[in-house]
Amino acid sequence: MAINDKSVFTSVRGAAFLANANTALPSLRLFGLEVATVGETTQKYTNMGHLSVSALPSFETSGGDATTKDTWNKSKFRTTYDSVTGKVTISSVQGDKEMFKLMFDAAEIAGGGTAVALDKVEQPKALFIYIEDTNTGEKFGIWIPNLSLAYSELPSLAQDDFNTFKLEGNIMTSTVLPRTKSGKASSIAFYDPDDFDHAAA
């Protein structure tokens, strides 16, 4: 580790892009705050549109409890960790038919409207979160190639803020990512400002 001033930044602005699960990630240089789509037709990442600024994308893990075991010879000889599951929550403020279809696997009603079911339907997706510190120009990215996405809750209405449409995704392992140094299957990739600077055009 070393002091790296460039990698100290804030998430001033950002966008989230979705593709089919395990879709390869295009060049980082193609992503931007107002870019509609990135990549080829069959390998395309699409901007989700306006997201909440008061409820930025958030991550949560559960599990991973440590268990320390003794041997007859030695105390606290080895530590093991329980399996960990993770999820991401995204709050959209863009209430349109495309969002309802994504959240609820919804169907359009002839003559207008969108019909949804309360039972959750898995949407296998790849997610790329693009983050930009517009004060410094530095960029950061989070890629989850394999995500089981569904609605988190019914729309949250507000008078003093935008209405919110919340999605939740369970983070899965992905074969498009390399295994970790210890051989574990990977689920997430992080891209720091240097990665954006050195990305292929």
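Residues numbered from 1 in each chain as written. Predicted model: local features only at pLDDT ≥ 70, side-chain atom pairs only at ≥ 80, totals over all residues. Heavy atoms only, no water.

Each helix and strand in the protein chain was counted, giving 2 helices and 13 strands. A principal-axis box enclosing the C-alpha atoms of the protein chain has dimensions of 75 × 40 × 40 Å. Every one of the 201 residues in the protein chain was classed for burial, and the buried ones make up 32%. Considering only residue pairs separated by 6 or more positions, the protein chain has 61% of its internal contacts joining residues 24 or more positions apart. Split by element, the accessible area of the protein chain, about 12,700 Å² in all, is 50% carbon and sulfur. (Helix = DSSP H or I, 4+ residues; strand = E, 2+ residues; numbered from the N terminus. Buried < 20%, exposed > 50% of the residue type's maximum accessible area, 1.4 Å probe, protein only. Contact = heavy atoms within 4.5 Å. Areas by Shrake-Rupley, 256 points an atom, 1.4 Å probe, with all protein chains shown as cover.)

Our next topic: the side chain of Ser-52. Structurally, the position occupied by Ser-52 is in the loop between strand E3 (45-47) and strand E4 (58-63). Taking the relative accessible area as the measure of exposure, Ser-52 reaches 6% and is therefore buried. A distance of 3.2 Å separates polar atoms of two side chains, one belonging to Ser-52 and the other to Ser-54. Beyond its immediate chain neighbours, meaning those up to four positions away, Ser-52 contacts Ser-91 and Val-93. (Polar contact = N/O pair within 3.5 Å; in protein donor to acceptor, adjacent residues only side chain to side chain.)

Quick look at the pairing of strand E12 (residues 165-171) now. Residues of E12 alternate between two faces, with Phe-165, Leu-167, Gly-169 and Ile-171 buried on one and Lys-166, Glu-168 and Asn-170 left unburied on the opposite face. Taken together, the 5 bridges between strand E11 (residues 138-151) and E12 define a ladder with antiparallel strand orientation. Each residue of the ladder has a partner; that of Leu-147, found in E12, is Ile-171. (Pairing = 2+ DSSP bridges.)

Let us look at the environment of Ser-152. With respect to the element layout, Ser-152 can be found in the loop between E11 and E12. Here the alpha-carbon distance between Ser-152 and Glu-168, two residues 16 residues apart in the chain, equals 5.1 Å.

Next up on the list: helix H1 (residues 97-104). Burial in H1 covers these residues: Met-99, Leu-102, Met-103 and Phe-104. Each buried residue of H1 sits inside an arc of 165° when the element is viewed along its axis, so together they form one side. If you follow the buried residues of H1, they end up packed against strand E1 (13-20), strand E7 (84-92), strand E10 (123-133), E11 and E12. (Arc of directions from axis to C-beta.)

Counting 23 residues, the largest nonpolar core has Met-48 and Leu-127 as its most contacted members. Looking at this core, the elements with two or more residues in it are E1, E7, H1, E10, E11 and E12. Excluding residues that lie within four positions of it along the chain, Met-48 makes contacts with Ala-16, Leu-18, Ile-90, Gln-94, Met-99, Leu-102 and Leu-167. Among the nonpolar cores identified, the runner-up in size contains 17 residues, and Ala-19, Leu-25, Val-38 and Phe-128 belong to it. (Core = buried A, V, L, I, M, F, W, Y, C linked by side-chain atoms within 4.5 Å.)

Under the defined criterion, the tally for this structure stands at 6 salt bridges. Measuring nitrogen to oxygen at the nearest pair gives 2.1 Å for the salt bridge that ties Asp-197 to Lys-6. Of this pair, Asp-197 sits in helix H2 (residues 193-197) while Lys-6 sits in the segment before E1; the two residues are 191 residues apart in sequence, bridging distant segments of the chain. Look at Lys-6 and you get partly exposed, because its relative accessible area is 27%. Salt-bridge contacts for Glu-108 lead to Lys-101; the nearest nitrogen and oxygen are separated by 2.6 Å. Residues joined by salt bridges that share partners form a network here, namely Lys-6, Asp-194 and Asp-197. (Salt bridge = Lys/Arg side-chain N within 4 Å of Asp/Glu carboxyl O.)

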